[in-house]
Amino acid sequence: MSNVAAPATEGPDRADHPLHVAIIMDGNGRWAAARGLPRAEGHRRGVEALRKVVRAASELGILYLTIFSFSAENWSRPATEIGDLFGLLRRFIRNDLATLHRDGVRVRVIGEREGLEPDICALLKEAEDLTRDNNRLNLVVAFNYGSRQEIAHAAQRLAREVADGKRDPSSIDADTLGQYLDAPDIPDPDLIIRTSGEQRLSNFLMWQAAYSELVFVPVHWPDFDKAALEGAIAEYARRERRFGGLAAKTGS
Ligand code: FPP
């Protein structure tokens, strides 16, 4: 994702409509606990919500939808829950990839692949390869992703180029570093939504979020639907994005 914050001008041709929406899908566990169900059931219902939201995003003319599906910090959860989450990813790709492809969805994956099981890496690659030429909606799956790790890797790659004499340190600015992140061609998110009422980024797209509008929704992820997405977009439309400049009324 590029580090240049710019207003959304593509998509449904309205500056108040987000081109790129990113979602922290939080609250699966609490949704399940409130119903006396196992956490795994909350995650399973979370995938159902995800299916609906992907369809809704496409219908609403969103061009990029980034979802936080497994964080670098989620490894600290019990092994059984990690197994459940990986199982859901496997099933999601096996069961839904053909439909996503038919619907013109391009799947992209950000995050660290090293250390993931080979069959997971193969499935992620299969999803990316099959859908490479689609352009209706880019579904960016943040898997084994952490923003600090992403930035550290970018710094490592730049440092290597300096050490190899291929780059002058004084040539490195914010734009340069942005080009070394996981998906430099994807525009920064206009809108970041977090469900479940929690109000923090939790190591998600922290570089790219420099000028994102943040909307915190009080429903748990399994209950998030098209109407909730529309509500968050309506909230976004009410915000005034200034990108460090002046308000439109006073800035001319
Ligand atoms: C947060 O709920 C959610 C996650 C850690 C994972 C999100 C995963 C899914 C929606 C399903 C898997 C996605 C794919 C693409 C297969 P939580 O467990 O932190 O909930 P809590 O805070 O209420 O405990």
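Residues numbered from 1 in each chain as written. Predicted model: local features only at pLDDT ≥ 70, side-chain atom pairs only at ≥ 80, totals over all residues. Heavy atoms only, no water.

Engineer: Explain helix H3 (residues 79-102) to me, using residue names and the numbers behind them.
Structural biologist: The terminal C-alpha atoms of H3 lie 34 Å apart, and with 24 residues this matches the ideal 34 Å at 1.5 Å per residue to within 8%. Approximately 55° is the largest bend angle found in H3, and it occurs at Asp 96. Gly 104, located one to two residues past H3, shows a positive phi value of around 80°. (Helix = DSSP H or I, 4+ residues; strand = E, 2+ residues; numbered from the N terminus. Expected span 1.5 Å × (residues − 1). Bend = angle between axes of the 7 residues up to and from the residue.)

Engineer: For the pattern of salt bridges, give the residues involved together with the corresponding values.
Structural biologist: The tally for this structure, following the rule as stated, stands at 25 salt bridges. The salt bridge partner of Asp 26 is Arg 194, with a shortest N-O separation of 3.0 Å. With a gap of 168 residues between them, Asp 26 in the loop between strand E1 (20-24) and helix H1 (28-33) and Arg 194 in strand E5 (residues 191-194) connect regions that are remote in the sequence. No difference in accessibility class separates Asp 26 from Arg 194, as the two residues are buried. With its nearest N and O atoms 3.0 Å apart, the salt bridge here joins Asp 190 to Arg 241. Taken together, the positions of Asp 190 in the loop between helix H6 (174-179) and E5 and Arg 241 in the segment after helix H7 (226-238) put the pair 51 residues apart, joining distant regions of the chain. Residue Asp 190 is classed as buried on the basis of its relative accessible area, which comes to 2%. (Salt bridge = Lys/Arg side-chain N within 4 Å of Asp/Glu carboxyl O. Buried < 20%, exposed > 50% of the residue type's maximum accessible area, 1.4 Å probe, protein only.)

Engineer: Summarise the site of the ligand; cite the residues concerned and give the values.
Structural biologist: Taken together, the neighbourhood of the ligand is formed by 19 residues, with Met 25, Gly 29, Arg 30, Arg 39 and Arg 77 sitting nearest. The separation between an oxygen atom of the ligand and a polar side-chain atom of Arg 39 is 2.9 Å. Among the elements of the structure, H1, helix H2 (39-59) and H3 are those that each provide at least two residues to the shell around the ligand. Per-element tally for the shell around the ligand: the top contributor is H2, with five residues. Class assignment for the residues of the shell around the ligand results in seven nonpolar, seven polar and five charged. (Near = heavy atom within 4 Å. Polar contact = N/O pair within 3.5 Å; in protein donor to acceptor, adjacent residues only side chain to side chain. Nonpolar A, V, L, I, M, F, W, Y, C, P; charged D, E, K, R; others polar.)

Engineer: Mind laying out empty space enclosed by the protein, listing which residues take part and the relevant values?
Structural biologist: Per the counting criterion, the structure on display carries one cavity of 30 Å³ or more. If you add up the space inside the largest cavity, you get close to 60 Å³. Leu 89, Phe 92, Ile 93, Leu 97, Leu 100, Val 107, Leu 124, Ala 127 and Val 141 are the residues that line the largest cavity. Within the residue set of the lining of the largest cavity, elements represented by two or more residues are H3 and helix H4 (118-130). Broken down by element, the residue count for the lining of the largest cavity peaks at five residues, all from H3. In terms of residue class, the lining of the largest cavity is built from nine nonpolar, no polar and no charged. (1 Å grid on protein atoms, 1.4 Å probe; cavity = no way out; pocket = protein on both sides within 12 Å on 5 of 7 lines; lining within 4 Å. Points joined across faces, edges and corners; volume = space filled by probe spheres on them.)

Engineer: Let's hear about the nonpolar core: which residues, and what values?
Structural biologist: Grouped together as the largest cluster of nonpolar side chains are 47 residues, with contacts concentrated most on Ile 23, Leu 65, Phe 143, Ile 193, Phe 224 and Leu 229. Ranked by residue count, the leading element in this core is H3, at nine residues. With near-sequence residues (within four places) excluded, Phe 143 lies in contact with Ser 69, Phe 70, Phe 86, Leu 89, Val 109, Ile 110, Gly 111, Glu 112, Leu 116 and Ile 120. In this structure, Leu 19, Ile 24, Ala 142 and Ala 209 belong to the second largest nonpolar core, which totals 15 residues. (Core = buried A, V, L, I, M, F, W, Y, C linked by side-chain atoms within 4.5 Å. Contact = heavy atoms within 4.5 Å.)

Engineer: Outline the packing of aromatic side chains, supporting the account with residue identities and numerical values.
Structural biologist: The relative placement of two aromatic rings is captured by the distance of their centres and the angle of their planes. The full count for this structure, using the stated rule, is 10 aromatic pairs. Between Phe 86 and Phe 143, the aromatic rings sit 5.2 Å apart at their centres with planes inclined by 70°, giving edge-to-face as the arrangement. Taken together, the residues Phe 86 in helix H3 and Phe 143 in strand E4 (residues 137-145) connect sequence positions 57 residues apart. Aromatic side chains Trp 221 and Phe 224 sit 5.2 Å apart centroid to centroid with 20° between the ring planes, which places their arrangement in the stacked category. (Phe/Tyr/Trp six-rings, centres within 6.5 Å; stacked < 30°, edge-to-face > 60°.)

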